[in-house]
Each structure stands twice: as structure tokens, then as C-alpha cells.
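Structural description and commentary
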Amino acid sequence: AALFQRACDAKDLPACVGLGRLYADGNGVQKDETKAVQLLRQGCYVEKSDDDVGEGCYYLGQLYATGRGVRQSVDSAFFLNQRACGLEYKAACPQDRRS
């Protein structure tokens, strides 16, 4: 968590996403879903820079879908999932686009 924090402070967006995921789950840090939301937003609301940015949108959408750290919003969850897919984060995309 300390290394993620240091890298996130240096504006490394994948590190912010990684740190946000740790806070969302309480993995190695005290669980803080509000802080997780803040960190995941840093990695989501920027122009595409790498696949981890899409990952931030995806996990932020999961928090909106379940109301963890934010007011539950199916619309926001859907938007964020679509954004994650558009940023080429494959877990957010439909399994088979050919059908």
C-alpha cells in the first residue's frame, strides 16, 4: 500500500487504481470505501493512457452498483462500465460482441 501511495502521489494512475482497490476491500489497509472512490475516480476521469484507467472506471462502477462509498446508482454504474469497456478494459465488455 505504501508503494502504491507513493506512486499515486506522483500521478501514476494505475497505482491510484491499485490503491483504491486495496481501500475498497480493506486489503493491507483499513477499509475505507470513500477513499477508494476518490482514488478510483483519479484513474477513471482522464483521457485514455493505458488499460488500468479502464480498470479504475470498472471498479468505480462496481462501487456505484452496490452503494459502497457512494450513493447507489445503477445509471452511474452502467455509464462507468460502458466507459471502462470503451477504454478497452475487457472485463467490462460483453463476453461476445458477435451475437
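For the structure, see preceding data.
What comes next is a walk through the structure. These numbers come from a predicted model, not from an experiment.

**Some details on the state of the cysteines**
A disulfide bridge is the covalent bond that connects two cysteines by way of their sulfur atoms. Counted under the stated rule, the structure contains 3 disulfides. With a sulfur-sulfur separation of 2.1 Å, Cys44 is cross-linked through a disulfide to Cys57. Torsion about the S-S bond of the Cys44 and Cys57 cystine: about 105°, corresponding to right-handed handedness. Highlighted residues: Cys44 in helix α3 (residues 33-44) and Cys57 in helix α4 (residues 51-66), separated in sequence by 13 residues. The same class applies to Cys44 and to Cys57, which are both buried. The disulfide that involves Cys85 links it to Cys93, with 2.2 Å between the sulfurs. Note on the Cys85 and Cys93 pair: the S-S dihedral is about 115°, so by sign convention the disulfide is right-handed. Cys93 carries the same exposure label as Cys85, and that label is buried.

**Some thoughts on the packing of aromatic side chains**
Between two aromatic rings, the relevant description is the distance of the centres plus the angle of the planes. Summed over the entire model, instances satisfying the criterion amount to 2 aromatic pairs. Ring geometry for Tyr58 versus Tyr59: centroids 5.0 Å apart, planes at 85°, classification edge-to-face. Judged by its relative accessible area of 22%, Tyr59 falls in the partly exposed class. With a centroid separation of 5.4 Å and an interplanar angle of 45°, the aromatic rings of Tyr58 and Tyr89 are classed as tilted. Here Tyr58 is found in helix α4, whereas its partner Tyr89 is found in the segment after α5 (74-86), with 31 residues between them in sequence.

**Some remarks on the side chain of Ser73**
Position of Ser73 relative to the elements: it lies in the loop between α4 and α5. Polar side-chain contacts of Ser73 include one of 3.0 Å to the backbone nitrogen of Ser76. The residues touching Ser73, leaving out its near neighbours within four places in the chain, are Tyr64 and Ala65.

Calculation criteria
- Residues numbered from 1 in each chain as written.
- Predicted model: local features only at pLDDT ≥ 70, side-chain atom pairs only at ≥ 80, totals over all residues.
- Heavy atoms only, no water.
- Disulfide = S-S within 2.5 Å.
- Helix = DSSP H or I, 4+ residues; strand = E, 2+ residues; numbered from the N terminus.
- Buried < 20%, exposed > 50% of the residue type's maximum accessible area, 1.4 Å probe, protein only.
- Phe/Tyr/Trp six-rings, centres within 6.5 Å; stacked < 30°, edge-to-face > 60°.
- Polar contact = N/O pair within 3.5 Å; in protein donor to acceptor, adjacent residues only side chain to side chain.
- Contact = heavy atoms within 4.5 Å.

Keep in mind that these numbers describe shape and distance, not what the molecule does.
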